[in-house]
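Architecture at a glance
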Amino acid sequence: EAQVTQNPRYLITVTGKKLTVTCSQNMNHEYMSWYRQDPGLGLRQIYYSMNVEVTDKGDVPEGYKVSRKEKRNFPLILESPSPNQTSLYFCASSFTGAGADTQYFGPGTRLTVL
Amino acid sequence: GQSLEQPSEVTAVEGAIVQINCTYQTSGFYGLSWYQQHDGGAPTFLSYNGLDGLEETGRFSSFLSRSDSYGYLLLQELQMKDSASYFCAVSYMNTGFQKLVFGTGTRLLVSP
């Protein structure tokens, strides 16, 4: 089954404790991205990757890091989480990242930073 | 920068027709997409318009007018399961490839 998986689905942590949210896709997509979703603000892109070892900032990259060492995986790293990073996070993938190209979203990770 | 506007909430009754509008200000505009998201779920792709006109997919249609920087999603024969949030998203050219920016979403409430 074609899918994007994220782990964990729910996470409660404390300020400053490094964490990683994993994302994996089995569709051989080149393009992967991370979004955060906050009430009233819609989906905002954090980082994206056009291919292995090619990443770039989205609209809200501050406080986040990513890496793309394998085509299927695109982890999101919060080196020192803060309460303003409490949010719902989605990973997405597609073949090219173009608008006409369907973005497949993972199930989401709800993060709470105390 | 890029900006999109869509209504925050729309209500309708089962069997009715509803239109969700999206206006945008985007340089290097390429196309307009629509995504549906049920509460607690992930966004799923509905449609894409790269050219002016209407695209129809079953009960859903999407329209684009590039000259007016405007598009809409039309939902016909509304069903309770259509209650969800709907996001428009513009794709635009940036540093040689396309980027995607989402609107803030329209919550559709369908009542019996």
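Residue and element names in this part refer to chain B. Only one face of strand E3 (residues 18–25) is buried: it carries Val18, Ile20, Cys22 and Tyr24, and the other face, with Gln19, Asn21, Thr23 and Gln25, is open. Sheet topology note: the strand E1 (residues 3–5)/E3 ladder contains three bridges and is antiparallel. Bridge pairing links Ser3 to Gln25 in E3. Relative to strand E8 (residues 70–75), E3 runs antiparallel, the two being bridged by six bridges. Bridged to Thr23 within E8 is Tyr70.

What follows deals with the sheet that holds strand E7 (residues 60–65) of chain B. Residues and elements named next belong to chain B. Spatially, the five strands line up as an open sheet ordered E1-E3-E8-E7-E6, and their pairing is antiparallel. Strands with a single pairing partner mark the edges of an open sheet, and in this sheet they are E1 and strand E6 (53–57). Put simply, the sheet's adjacent strands are angled 15 degrees from each other on average, direction ignored. Across six bridges, E7 lies against E8 in antiparallel orientation. Across the sheet, residue Phe63 finds its bridge partner in E8, namely Tyr72.

Residues and elements named next belong to chain A. Within the secondary structure, Gln6 is located in strand E1 (residues 4–7). Looking at Gln6, its side chain comes within polar contact range of the main-chain nitrogen of Cys91, at 3.0 Å. A distance of 3.0 Å separates polar atoms of two side chains, one belonging to Gln6 and the other to Thr109. Ignoring sequence-local partners within four residues, the contact set of Gln6 consists of Thr22, Trp34, Tyr89, Phe90, Cys91, Gly106, Pro107, Gly108 and Thr109.

Definitions and limits used
Residues numbered from 1 in each chain as written. Chains lettered and ligands numbered in written order. Predicted model: local features only at pLDDT ≥ 70, side-chain atom pairs only at ≥ 80, totals over all residues. Heavy atoms only, no water. Buried < 20%, exposed > 50% of the residue type's maximum accessible area, 1.4 Å probe, protein only. Helix = DSSP H or I, 4+ residues; strand = E, 2+ residues; numbered from the N terminus. Pairing = 2+ DSSP bridges. Axes fitted to C-alpha atoms, helices over the stretch in contact; angles between N-to-C directions. Polar contact = N/O pair within 3.5 Å; in protein donor to acceptor, adjacent residues only side chain to side chain. Contact = heavy atoms within 4.5 Å.

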